[in-house]
Amino acid sequence: MPTRPLLAIETSCDDTACAILAYDGTILAEGVLSQTDHAILGGVVPEIAARAHLDALPTLVAEVLKKASLTLADIDTFAGTTGPGLIGGLIVGSSYAKGLAMALHRPFMAVNHIEAHILTPRLPSLGADLHFPYLTMLVSGGHCQCVSVEETGRYVRLGGTIDDAAGEAFDKVAKMLGLGWPGGPALEKLATEGRDDAYALPRPLKGREGCDFSFSGLKTAVSRLIDTQDPTGSRDALPRQFAADVAASFQRAVADVMADRAEHALALTPNATALVVAGGVAANKTLRHALEQVAANYGIPFFAPPLRLCTDNAVMVAWAALERLHAGETPNEIDTAARPRWPLSERTPATPEHIS
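Everything numeric in this text was worked out from a predicted model, so none of it was measured.

S.K.: Explain the UniProt feature "binding site: substrate" (unreviewed entry) in the protein to me, using residue names and the numbers behind them.
M.R.: With numbering matched to this structure, UniProt assigns "binding site: substrate" (unreviewed entry) to Leu138, Val139, Ser140, Gly141, Gly142, Asp171, Gly184, Glu188 and Asn284. Looking at the element boundaries, Val139 is found in strand S6 (residues 134–139). Overall, Val139 belongs to the buried group, its relative accessible area being 0%. Structurally, Ser140 can be placed in the loop between S6 and strand S7 (144–151). A relative accessible area of 8% places Ser140 in the buried class. Excluding anything up to four places from it in sequence, Ser140 contacts Ala165, Ala166, Gly167, Glu168, Gly279, Gly280 and Val281.

So, in structure tokens, the structure goes:
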């Protein structure tokens, strides 16, 4: 069983990340390089992202090793995000980690990006004292799921989005309002200037049975609302107060929906020890407050990772790998293949010959 440091790489979207954790979960060093070329294009271009990962990884890995005062020879295990995500980036990052593992005759662990997000709050340095089972609301640009985390490697998906993910909806509404990309942080900032009760926007699926999400109708309602003020489509002409009120009202609608879905999920998981929010949109303060209130109503603690660990990072990838090591798994996944989709119900991704 490896007991020395583990090095992990994350390249599932447009952030290139590397981290080294000690076997007990102590963060020895970490680094994230965010790509900026996509901003002028209004979204992530997969080919550009993959090439940027390839250019950045050698220098980033060297820098993180230097921060930790380690060499590659000191690393016991290598890990890499192997799915889900943009296939080009996944191939680049996981292949780089595999190459290091093979060159040094070390094991490689294939990490599920979603699993990494939902296990992040258990990172020892966060001091959450989070025990299984707990309920996680995963909200990001590409994923929106409600998951009962039973134990390491055993997850029950209670619901998910039937159209847009929450983060995707944030980005699209931000674009409608003429804000930059990524849109989530820009929209949240603008919303601080507006009233969240200015417009009666729909709350899709609120009050319905189950734990699924839908944000397409809400997005369409916002588009129609904006068209009443800006029929020409020139977003620069929107009055700032109007835009701020729309942003605040939209943000409140999303938070209300997420809170409602969390209540339904907790009713289905009476043994849940805590409510957790994870993923990039978990950085949104309005959403955090709404879910924190739900947890308080159910008399259970609420946990959310610090903001830097909500967005894509390699610390969460390394910790997910360590959780599996602590659970007794043997790291031997060098033959696993990167894949854009990887359900939590599948323990490891398929080997190349099994991918259709």
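S.K.: If you had to explain the sheet that holds strand S8 (residues 154–160) to someone new, which residues and values would you point to?
M.R.: Here 5 strands make up an open sheet; going across it, the order is S8-S7-S6-S9-S10 and the pairing mixed. Whereas interior strands pair on both sides, the edge strands pair on one side only; in this sheet they are S8 and strand S10 (302–303). Alignment of S6 against strand S9 (residues 275–278), held across 4 bridges, turns out to be parallel. If you follow Met137 over to S9, its bridge partner there is Val277.

S.K.: How would you summarise the state of the cysteines if you had to cite specific residues and measurements?
M.R.: Put plainly, a disulfide is one covalent bond tying together the sulfur atoms of two cysteines. A complete count under the given rule lists 0 disulfides for this structure. Free cysteine Cys211: the closest other cysteine sulfur is in Cys146, separated by 4.6 Å.

S.K.: Residues and numbers for the packing of aromatic side chains, please.
M.R.: All told, the structure shown has 4 aromatic pairs when counted by the stated rule. On the numbers, 5.8 Å between centres and 10° between planes, the contact of Phe132 with Tyr134 is stacked. Overall, Phe132 belongs to the partly exposed group, its relative accessible area being 25%. Overall, the relative accessible area of 1% leaves Tyr134 in the buried class.

S.K.: Give a detailed account of helix H7 (residues 240–268), specifying residues and quantitative values.
M.R.: Relative to the 42 Å expected for 29 residues at 1.5 Å per residue, H7 spans 42 Å between its end C-alpha atoms, a close match to the ideal helical length. With 22 of 29 residues buried, H7 lies mostly within the body of the structure.

S.K.: Give me the UniProt feature "binding site: Fe cation" (unreviewed entry) in the protein: which residues, what numbers.
M.R.: Taking the numbering used here, the UniProt-annotated feature "binding site: Fe cation" (unreviewed entry) corresponds to His113, His117 and Asp312. The greatest C-alpha distance among the residues just named is 8.7 Å, despite their covering 200 residues of sequence, which places them together in space. Relative to the assigned elements, His117 resides in helix H3 (residues 113–119). Of the residues examined, His117 reaches a relative accessible area of 2% and is grouped as buried. Beyond its immediate sequence surroundings of up to four residues, His117 is in contact with Leu138, Ala278, Gly279, Cys310, Thr311, Asp312 and Met316.

S.K.: Mind laying out the environment of Glu151, listing which residues take part and the relevant values?
M.R.: Here Glu151 is to be found in strand S7. Here the alpha-carbon distance between Glu151 and His131, two residues 20 residues apart in the chain, equals 8.7 Å.

S.K.: Just give me the short version of the packing of helix H4 (residues 166–176) against helix H5 (residues 183–191), but keep the residues and values in it.
M.R.: Direction vectors running N to C along H4 and H5 enclose 65°, while the axes themselves pass 8 Å from each other. The interaxial crossing formed by H4 with H5 has left-handed handedness. Only Gly183, Gly184 and Leu187 of H5 make contact with H4, whose side of the interface consists of Phe170, Asp171, Val173 and Ala174.

S.K.: Tell me what's going on with the pairing of S6, and back it up with residues and numbers.
M.R.: A large share of S6 lies buried, amounting to 6 of its 6 residues. Of the pairings in the sheet, the one linking S6 to S7 comprises 6 bridges and is antiparallel in character. Bridge assignment links Thr136 to a residue of S7, and that residue is Val147.

What counts and what doesn't
- Residues numbered from 1 in each chain as written.
- Predicted model: local features only at pLDDT ≥ 70, side-chain atom pairs only at ≥ 80, totals over all residues.
- Heavy atoms only, no water.
- UniProt positions renumbered as here; feature names shortened; annotations may be inferred.
- Helix = DSSP H or I, 4+ residues; strand = E, 2+ residues; numbered from the N terminus.
- Buried < 20%, exposed > 50% of the residue type's maximum accessible area, 1.4 Å probe, protein only.
- Contact = heavy atoms within 4.5 Å.
- Pairing = 2+ DSSP bridges.
- Disulfide = S-S within 2.5 Å.
- Phe/Tyr/Trp six-rings, centres within 6.5 Å; stacked < 30°, edge-to-face > 60°.
- Expected span 1.5 Å × (residues − 1).
- Axes fitted to C-alpha atoms, helices over the stretch in contact; angles between N-to-C directions.
- Left-handed = near helix turned anticlockwise from the far one by under 90°.

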